[in-house]
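# Structural features, examined
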Amino acid sequence: MLIIKKIPVAINFLNCKIKKHFSDVLQSHDINLTPEQYLVMDILWDEESLSQQTIADILQKDKNSVTKFIDSLEKKGLVYRSIDKNDRRINNIIVSEEGRRLKQKTTDVAVNTMESILDGISEDELATCITVMEKIKKNID
């Protein structure tokens, strides 16, 4: 197989592997989030409140997918929706008190998980990997 054909396969395989591993780790720590829900929460923990469209743009997901993530997070009591005062068509997503309480534990677990996954890989290697991925993204854009 040509190396050029191996790249998308390797990227997809690695993405699936990381998501599965992270899901298992979250469950083992009694954190009731999927990896995708974690990404939404992580963005909101930094911003406190964002529109659904902004979250979709950051995650590069369609609005319907993000709506499902937010519906699930809302059912868990981690976020709530608030209609924008200036534009009633916009739903702002706000982290609830329960969601804020989950931040430190979940962030610690996520950081420790990534440190474990990246064990034995130098900062230079990681920087090169990021540079290559950014170049690929730029070529797509």
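Above this note sits the structure.
Here we summarise the structure given alongside this text. Being a predicted model, the structure only gives us computed values, none of them experimental. (Residues numbered from 1 in each chain as written. Predicted model: local features only at pLDDT ≥ 70, side-chain atom pairs only at ≥ 80, totals over all residues. Heavy atoms only, no water.)

What follows concerns the overall build of the protein chain. Secondary structure assignment for the protein chain yields 6 helices and 3 strands. When the helices and strands of the protein chain are placed in sequence order, the string is α-α-β-α-α-β-β-α-α. With respect to the three principal axes, the spread of C-alpha positions in the protein chain is 50 × 35 × 25 Å. Looking at the protein chain as a whole, 28% of its 141 residues are labelled buried. (Helix = DSSP H or I, 4+ residues; strand = E, 2+ residues; numbered from the N terminus. Buried < 20%, exposed > 50% of the residue type's maximum accessible area, 1.4 Å probe, protein only.)

Considering only enclosed or pocket space, the largest pocket measures out at about 1800 Å³ in volume. Taken together, 31 residues line the largest pocket, and the ones lying closest to its centre are Ile11, Leu14, Asn15, Ile18 and Met133. The element best represented in the lining of the largest pocket is helix α6 (residues 123–140), accounting for 9 residues. (1 Å grid on protein atoms, 1.4 Å probe; cavity = no way out; pocket = protein on both sides within 12 Å on 5 of 7 lines; lining within 4 Å. Points joined across faces, edges and corners; volume = space filled by probe spheres on them.)

Turning our eyes to something else, we now look at the packing of aromatic side chains. Two numbers describe a pair of aromatic rings. These are the distance of the centres and the angle of the planes. Here the structure, examined in full by the defined rule, presents 2 aromatic pairs. An angle of 65° between the planes, with centres 6.3 Å apart, marks the rings of Tyr38 and Trp45 as edge-to-face. By relative accessible area, which is 10% here, Tyr38 ends up buried. Owing to a relative accessible area of 4%, Trp45 belongs among the buried residues under this scheme. Put simply, the rings of Phe22, Tyr38 and Trp45 touch in pairs and so form one group of aromatic residues. (Phe/Tyr/Trp six-rings, centres within 6.5 Å; stacked < 30°, edge-to-face > 60°.)

So, on to the pairing of strand β3 (residues 91–95). Burial runs high along β3: 4 of the 5 residues are buried. Both strand β1 (residues 49–51) and β3 contribute to a ladder of 3 bridges, which runs antiparallel. For Leu50, the partnering residue across the bridge sits in β3 and is Ile93. Direction of pairing for strand β2 (residues 79–83) relative to β3: antiparallel, over a ladder of 5 bridges. Bridging across to β3, Arg81 finds its partner in Ile93. (Pairing = 2+ DSSP bridges.)

The backbone of Glu48 sits at a positive phi, close to 75°, despite the residue not being glycine. Inspection of the secondary structure puts Glu48 in the loop between α2 (35–47) and β1. You will see that Gln60, though not glycine, has its phi angle at about 55°, which is positive. Residue Gln60 is classed as exposed on the basis of its relative accessible area of 65%.

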